[in-house]
Amino acid sequence: MNISDCRCLDKGLVDILVNEAKQLKILDVSGLINSIKIDDFDKLGELKELESLNCSRCLNIVDDSLIKFLKHQLHLKTFKISGCVRLTDKSIKEVFTLENLEDLDISMLFVTDTCLSKIGKLQNLLNLNISGCVNLNDVNCLISLKLFSINISGIAAVDNSIISCLINNGLKIIRASN
C-alpha cells in the first residue's frame, strides 16, 4: 500500500492500518509529516507481517517509538527511514538487529561512527543508502559487508581502499557524489 505524500490523511491513519490491515506486507507512508503522531508510530508494530516499510521524511518518528516498533518486526526486509531527523543512534542501532533486512536506507540521518560500526550484524543486507550522513568519519565497518549496491554520496570518509574492498566483496552498484 503506497499512501506516500497524501496530505488529506488525518491523525487516525495508524488506527485504521492496525485495525483493518493486519496482513499488510508492503507499506509506504513516506512524507506523511502530520498523519503519524509521535506516540502512534510504535502502534505500526502490530502489522507483524510487514516485509517492506518506507517511512522516510516522517518527521514525527522518535527513538522510543521506533524501538517499540522494531521489537515486533520479524519479517522486515526493506526499511527506509531517510530524513527522519528526530532519530538518533539510540534507535538506529536497534535497526541493525533486524536479521532479515536486505535493503536499508538511513540517509540524511545524524548517524555516528559508533552506531554504524554495528551494521556488520546485518548478514543479509544487500542494499545500503547512507548518503548525506554527515557525521560519519570512519566507514571501515562497511568493508566486511557483501553488498549489491551502496549510496555513499556526501560521505567524506570513503576512500579508494574502502571502494576496492566493497567491489572485491561483490558490490555491483556504487552511487557516490559530493
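Residues numbered from 1 in each chain as written. Predicted model: local features only at pLDDT ≥ 70, side-chain atom pairs only at ≥ 80, totals over all residues. Heavy atoms only, no water.

Novice: What's the story with the overall build of the protein in this structure? I'm lost.
Specialist: Within the protein one finds 5 helices and 7 strands. Secondary structure elements of the protein, listed N to C terminal, follow the sequence α-β-β-α-β-α-β-α-β-β-α-β. Within the protein, buried positions represent 49% of all 178 residues. Summarising the internal contacts of the protein: among those between residues at least 6 apart in sequence, 59% fall at separations of at least 24. When the accessible area of the protein is evaluated, it comes to approximately 8,700 Å², of which 50% is carbon and sulfur surface. (Helix = DSSP H or I, 4+ residues; strand = E, 2+ residues; numbered from the N terminus. Buried < 20%, exposed > 50% of the residue type's maximum accessible area, 1.4 Å probe, protein only. Contact = heavy atoms within 4.5 Å. Areas by Shrake-Rupley, 256 points an atom, 1.4 Å probe, with all protein chains shown as cover.)

Novice: Before we go on, may I ask you to explain the nonpolar core in this structure?
Specialist: Across soluble globular proteins, you tend to see nonpolar side chains buried next to one another. If you look at the biggest cluster of nonpolar residues, it comprises 57 residues, and the most contacted ones within it are Phe79, Ile81, Leu116 and Leu142. The leading source of residues in this core is helix α1 (residues 13-20), at 4 residues. With sequence-adjacent residues up to four places away left out, Leu142 is seen in contact with Leu116, Ile119, Leu128, Ile130, Ile150 and Leu166. (Core = buried A, V, L, I, M, F, W, Y, C linked by side-chain atoms within 4.5 Å.)

Novice: What's the story with unusual backbone geometry in this structure? I'm lost.
Specialist: Most of the time, phi is negative for any residue but glycine, and the peptide bond is trans. Although it is not a glycine, Arg57 adopts a positive phi angle of roughly 65°. In this fold, Arg57 is placed in the loop between β2 (52-54) and α2 (63-70). By relative accessible area, which is 40% here, Arg57 ends up partly exposed. One non-glycine residue, Met108, lies in the positive phi region at around 60°. With respect to the helices, strands and loops of the structure, Met108 is situated in the loop between β4 (103-105) and α4 (113-116).

Novice: I tried to follow the pattern of salt bridges on my own but got confused; where do I start?
Specialist: Pairs can form between side chains of opposite charge once their charged atoms are near each other. For the structure on display, the rule yields 4 salt bridges. For Glu49, the salt bridge is made with Lys25, and the minimal N-O distance between the two is 3.9 Å. Note that Glu49 is positioned in the loop between β1 (26-28) and β2 and Lys25 in the loop between α1 and β1, a separation of 24 residues in sequence. We classify Lys25 as partly exposed; its relative accessible area is 38%. Asp64 is paired through a salt bridge with Lys90; the nearest N and O atoms lie 2.9 Å apart. Linking Asp64 in helix α2 with Lys90 in helix α3 (residues 89-95), this pair joins segments that are 26 residues apart in sequence. (Salt bridge = Lys/Arg side-chain N within 4 Å of Asp/Glu carboxyl O.)

Novice: When you look at the side chain of Asn54 in this model, what are you seeing that I'm missing?
Specialist: Looking at the secondary structure, you find Asn54 in strand β2. At a separation of 2.9 Å, a polar atom in the side chain of Asn54 contacts the side chain of Ser56. Excluding residues that lie within four positions of it along the chain, Asn54 makes contacts with Leu27, Asp28, Val29, Ser30 and Lys80. (Polar contact = N/O pair within 3.5 Å; in protein donor to acceptor, adjacent residues only side chain to side chain.)

Novice: Just to check I follow, could you spell out the confidence of the model for the protein for this structure?
Specialist: Predicted coordinates in areas of low pLDDT are best not read in detail. In this model, the protein carries a mean pLDDT of 87, and residues with pLDDT of at least 70 account for 89%. Per-element averaging of pLDDT across the protein places α1 at the bottom with 80 and β4 at the top with 98. (pLDDT = per-residue confidence, 0-100.)

Novice: Help me understand the packing of aromatic side chains in this model?
Specialist: Each aromatic ring pair is characterised by the separation of its centres together with the angle its planes make. Counted according to the given criterion, the structure contains 1 aromatic pair. Measuring from ring centre to ring centre gives 6.1 Å for Phe69 and Phe79, while their planes differ by 25°; the resulting arrangement is stacked. Highlighted residues: Phe69 in helix α2 and Phe79 in strand β3 (residues 78-80), separated in sequence by 10 residues. Its relative accessible area of 0% is what places Phe79 among the buried residues. (Phe/Tyr/Trp six-rings, centres within 6.5 Å; stacked < 30°, edge-to-face > 60°.)

Novice: How should I be thinking about a nonpolar patch on the surface in this particular structure?
Specialist: Residues Leu59, Val85, Phe110 and Val134 make up a contiguous nonpolar surface patch of roughly 350 Å² in combined accessible area. Structurally, the position occupied by Phe110 is in the loop between β4 and α4. By relative accessible area, Phe110 is classed as partly exposed at 47%. (Patch = residues over 30% accessible without salt bridge, like charges linked within 9 Å, V, L, I, M, F, W, Y side chains within 5 Å.)

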